[in-house]
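The residues making up each chain are set out below.
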Amino acid sequence: MSGRPEVADVGDLAAELIQQAREHHSRRAARTLVAGNSQRVTLIALAEGAELAEHDSPPAATLHVITGSVRLSTHDHDRLLDRGQLTAIPPERHSLTAFLDSAVLLTVALH
C-alpha cells in the first residue's frame, strides 16, 4: 500500500496546495496522487505569476487546469488554458506560467 488515498478530493487538495505555494519561496507546491508502473498523476499549484521554467516533455502527458489560468509555452506556440480545460502536452521543451493562483493536474504515461 502506498499510503495515498484511493480517492482524492482534487478540489480540496488544490486549495491546500495553492495556500502552500503562496507561502513557499518558489511560489509553487506539488503532490503526487497516483504513482504506478504505467502512469503518474501529480497535482501542481502555482501562485499567481509563478513559473515552471522550460523543461523536457515526458513521452506522453496531459495537463488539466483544476483552477486558475495558465500559459503552456513551447518555442513557437503558447496555449492559454483556463479552469476546466485539458490539453496534451506537446512532445517538446515547454514552460508553464500561472496568470492567477492555479492548480493543474499533470498525468504522465510512463514507459
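Residues numbered from 1 in each chain as written. Predicted model: local features only at pLDDT ≥ 70, side-chain atom pairs only at ≥ 80, totals over all residues. Heavy atoms only, no water.

**Student:** It is not clear to me how the side chain of T74 should be interpreted in this structure. Could you clarify?
**Tutor:** As for its placement among the helices and strands, T74 is situated in the loop between β5 (69-73) and β6 (78-82). Contacts of T74, omitting those with residues within four sequence positions, involve P90, E92, R93 and H94. (Helix = DSSP H or I, 4+ residues; strand = E, 2+ residues; numbered from the N terminus. Contact = heavy atoms within 4.5 Å.)

**Student:** Which parts of the structure should I look at to understand the pairing of strand β1 (residues 28-35)?
**Tutor:** Successive side chains on a regular strand alternate, one facing one side of the sheet and the next facing the other. Of the pairings in the sheet, the one linking β1 to strand β2 (residues 39-46) comprises 7 bridges and is antiparallel in character. Its bridge partner being in β2, A30 is matched across the sheet by I44. In this structure, the hairpin formed by β1 and β2 is closed by a connection of 3 residues. (Pairing = 2+ DSSP bridges.)

**Student:** Which parts of the structure should I look at to understand the pairing of β5?
**Tutor:** With respect to burial, β5 is a largely interior element, 4 of its 5 residues being buried. Bridge count between β5 and β6: 5 bridges; the pairing is antiparallel. Across the sheet, the residue bridging to V70 is L81, located in β6. Between β5 and β6, which pair antiparallel in sequence order, lie 4 residues. Sheet topology note: the β5/strand β8 (residues 94-98) ladder contains 4 bridges and is antiparallel. Within β8, the position partnered with R71 by the bridge is T97. (Buried < 20%, exposed > 50% of the residue type's maximum accessible area, 1.4 Å probe, protein only.)

**Student:** Looking at this structure, I do not really get a nonpolar patch on the surface. What am I missing?
**Tutor:** A cluster of nonpolar side chains, L80, F99 and L100, forms an exposed patch at the surface whose accessible area comes to about 290 Å². Relative to the helices and strands, L100 is located in the loop between β8 and β9 (102-109). When its relative accessible area of 45% is taken as the criterion, L100 is described as partly exposed. (Patch = residues over 30% accessible without salt bridge, like charges linked within 9 Å, V, L, I, M, F, W, Y side chains within 5 Å. Areas by Shrake-Rupley, 256 points an atom, 1.4 Å probe, with all protein chains shown as cover. Salt bridge = Lys/Arg side-chain N within 4 Å of Asp/Glu carboxyl O.)

**Student:** Can you walk me through the sheet that holds β1 in this structure?
**Tutor:** Backbone hydrogen bonds are what pair the strands of a sheet, in a parallel or an antiparallel way. Taken together, the 5 strands give an open sheet; going across it, the order is β1-β2-β9-β4-β7, and neighbouring strands pair in antiparallel fashion. The open sheet is flanked by β1 and β7 (86-88), the only strands paired with a single partner. For this sheet, the mean inter-axis angle between neighbouring strands, taken without regard to orientation, is 20°. (Axes fitted to C-alpha atoms, helices over the stretch in contact; angles between N-to-C directions.)

**Student:** Which parts of the structure should I look at to understand the side chain of S102?
**Tutor:** Topologically, S102 is positioned in strand β9. A relative accessible area of 1% places S102 in the buried class. Within the structure, the side chain of S102 is placed 2.7 Å from the backbone oxygen of L100, a separation counted as a polar contact. With sequence-adjacent residues up to four places away left out, S102 is seen in contact with I18, I44, A45, L46, T67, G68, S69 and V70. (Polar contact = N/O pair within 3.5 Å; in protein donor to acceptor, adjacent residues only side chain to side chain.)

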